[in-house]
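Here's the letter readout for the chains.
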Amino acid sequence: MKKKFIVLGVLLATFGFTKANAQINFGDKAIGAVQKGVTGFTFSNADAAALSKAAVDKMDAENEVAGPTDPYTLRLNRVFGKYTSGEGYTLNYKVYKLKEVNAFATADGSVRVYTGLMDIMDDNELLAVIGHEIGHVANHDSQDAIKAAYKKEALMDAAASQSTTVASVTDSQLGKIGSAIIDSKFSRKQEAEADLFSYNFMKKNGYNVNAEESAFRILAKMSEGTEASFIDKMMSSHPDSKQRAEDAKKRAEKDGLYKPYVQQKIVNTAPAPVKKATTTKKVTTAKKK
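Cut-offs applied
Residues numbered from 1 in each chain as written. Predicted model: local features only at pLDDT ≥ 70, side-chain atom pairs only at ≥ 80, totals over all residues. Heavy atoms only, no water. Helix = DSSP H or I, 4+ residues; strand = E, 2+ residues; numbered from the N terminus. Buried < 20%, exposed > 50% of the residue type's maximum accessible area, 1.4 Å probe, protein only. Contact = heavy atoms within 4.5 Å. Areas by Shrake-Rupley, 256 points an atom, 1.4 Å probe, with all protein chains shown as cover. Pairing = 2+ DSSP bridges. Axes fitted to C-alpha atoms, helices over the stretch in contact; angles between N-to-C directions. Parallel < 35°, antiparallel > 145°, perpendicular 65-115°, else oblique. Left-handed = near helix turned anticlockwise from the far one by under 90°. Nonpolar A, V, L, I, M, F, W, Y, C, P; charged D, E, K, R; others polar. Phe/Tyr/Trp six-rings, centres within 6.5 Å; stacked < 30°, edge-to-face > 60°. Expected span 1.5 Å × (residues − 1). Arc of directions from axis to C-beta. Salt bridge = Lys/Arg side-chain N within 4 Å of Asp/Glu carboxyl O. Core = buried A, V, L, I, M, F, W, Y, C linked by side-chain atoms within 4.5 Å.

Draft legend 1. Spatial organisation of the overall build of the chain. Within the chain, the secondary structure is distributed over 11 helices and seven strands. The buried share of the chain, taken over its 289 residues, is 47%. Across the chain, contacts joining residues at least 24 apart in sequence account for 76% of those joining residues at least 6 apart. Just so you have it, the chain exposes about 15,700 Å², and 53% of that area is on carbon and sulfur atoms.

Draft legend 2. Quick peek at the sheet that holds strand E4 (residues 92-96). Across the sheet, three strands lie side by side as E4-E6-E5; this open sheet has mixed pairing. Strands with a single pairing partner mark the edges of an open sheet, and in this sheet they are E4 and strand E5 (103-105). Shown here is a sheet whose adjacent strand axes are inclined to one another by a mean of 15°, direction ignored. In the sheet, E5 pairs with strand E6 (residues 110-114) via three bridges, with the strands oriented antiparallel.

Draft legend 3. How the structure looks around the packing of helix H5 (residues 123-138) against helix H8 (residues 188-204). Relative to each other, H5 and H8 sit at 125°, their axes nearing to 7 Å. The angle between H5 and H8 falls in the class oblique. Pair H5 / H8 crosses with right-handed handedness. Two secondary-structure elements touch here, H5 through Asn124, Leu127, Ala128, Gly131, His132, Ile134, Gly135, His136 and Ala138 and H8 through Gln190, Glu191, Ala194, Asp195, Phe197, Ser198, Phe201 and Met202. Partitioning the contact of H5 with H8 into residue classes produces eight nonpolar, seven polar and two charged.

Draft legend 4. The packing of aromatic side chains, seen in detail. Applying the stated criterion across every chain, the model contains eight aromatic pairs. Judged by centre distance (5.7 Å) and plane angle (55°), the ring pair of tyrosine 96 and tyrosine 114 falls under tilted. Placement of tyrosine 96 in strand E4 and of tyrosine 114 in strand E6 is noted, with a sequence separation of 18 residues between them. Neither tyrosine 96 nor tyrosine 114 differs from the other in exposure class; each is buried.

Draft legend 5. Just helix H11 (residues 241-254), in detail. Between its terminal C-alpha atoms H11 stretches 20 Å, which fits the 20 Å expected from 14 residues at 1.5 Å a residue. Within the sequence span of H11, burial applies to Ser241, Arg244, Ala245, Ala248, Arg251 and Ala252. Taken around the axis of H11, the buried residues stretch over an arc of 120°, which confines them to a single face. At its buried positions, H11 is contacted by H5, H8 and helix H9 (210-222). Phi turns positive, to about 70°, at glycine 256, one or two residues after H11.

Draft legend 6. Spotlight on the pattern of salt bridges. Per the counting criterion, the structure on display carries 13 salt bridges. Between aspartate 60 and arginine 112 there is a salt bridge, with its nearest N and O atoms 3.0 Å apart. Placement of the pair is aspartate 60 in helix H2 (residues 45-62) and arginine 112 in strand E6, with a sequence separation of 52 residues. Just as aspartate 60 is buried, arginine 112 falls in that class too. Residue glutamate 191 is joined to arginine 244 by a salt bridge in which the shortest nitrogen-to-oxygen separation is 3.5 Å. Taken together, the positions of glutamate 191 in helix H8 and arginine 244 in helix H11 put the pair 53 residues apart, joining distant regions of the chain. Accessibility expressed as a relative area gives 7% for arginine 244, which makes it buried. Connected through shared salt-bridge partners, Asp60, Lys94 and Arg112 make up one network.

Draft legend 7. Structural detail: unusual backbone geometry. Despite not being glycine, histidine 140 shows a phi value in the positive range, around 70°. Relative to the elements of secondary structure, histidine 140 occurs in the loop between H5 and helix H6 (141-153). Given a relative accessible area of 39%, histidine 140 falls into the partly exposed group.

Draft legend 8. View of the environment of valine 169. With respect to the secondary-structure elements, valine 169 resides in strand E7 (residues 168-170). With a relative accessible area of 1%, valine 169 lands in the buried category. For the pair valine 169 and leucine 51, spaced 118 residues apart in the sequence, the C-alpha separation amounts to 9.1 Å.

Draft legend 9. Structural detail: the nonpolar core. Ranked by internal contacts, the top residues of the largest apolar core, which has 39 residues, are Phe80, Tyr93, Val111, Val113, Leu117, Ile130 and Ile134. When sequence neighbours within four positions are dropped, the list of residues in contact with valine 113 reads Leu76, Lys94, Val95, Tyr96, Asn102, Ala103, Met118, Leu126 and Ile130. Listed in part, the 13 residues of the second largest apolar core include Ala48, Leu174, Ile177 and Ala180.

Everything listed here is a matter of coordinates, which is why it stays silent on function.
Here it is, written out as structure tokens:
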């Protein structure tokens, strides 16, 4: 079976939800009302975060998540774990043990990184990619995406009602929303702004900003292989990886920071335990006089 390389920020997955009767409460929200075009319906960033968390919780249950002592989790925590919050958002991180090359962040601040990505990018390149995904959260792209998904997907099966209130979103509706969130394609402008966010983050925190160009070069090279037509199709609404790499290079040149990046060693194994040094107590005996 051919290994599929999935474009960053785009997850091709189907949610297999089994508890058909489960419901997720969002309070007084007008599903049917929006479907009928009733004005006054609002969907706040808090609603987007709650719905995102529900969808990500489902995904976490459906995928193999690396445990707290797993080498991949240890690496992610070491590389990015100390960055847990920003202006208006709080982050949480997990690793999906999947071969796809992917990472995404959602409106509630959930960041999910695939082992397939961690296997081909070093720490700095990984920082650039995760920074990009967090940029979508910081710039409210993720919130906008879930709002659109809620209106497009959940409303399809909502009761045709003029009521302005509804108390729950079913698992079936959540499945549609979740798929739409992760499959959502950001605009070229949004992608460029997320790239800039990542670059500024790396620059601010003293990382090698040239790793951003390197990360996009890796993706561009992947798109030239057997999966080229697949990736080209998925990237139709996104900036080309080569162009994004060039843009990253120009930013570094403008700041006088450019230097061709050399990928560092990729370590996805747990560090060897440090052995405690043993000391031998020297016993001295008094000489007889």
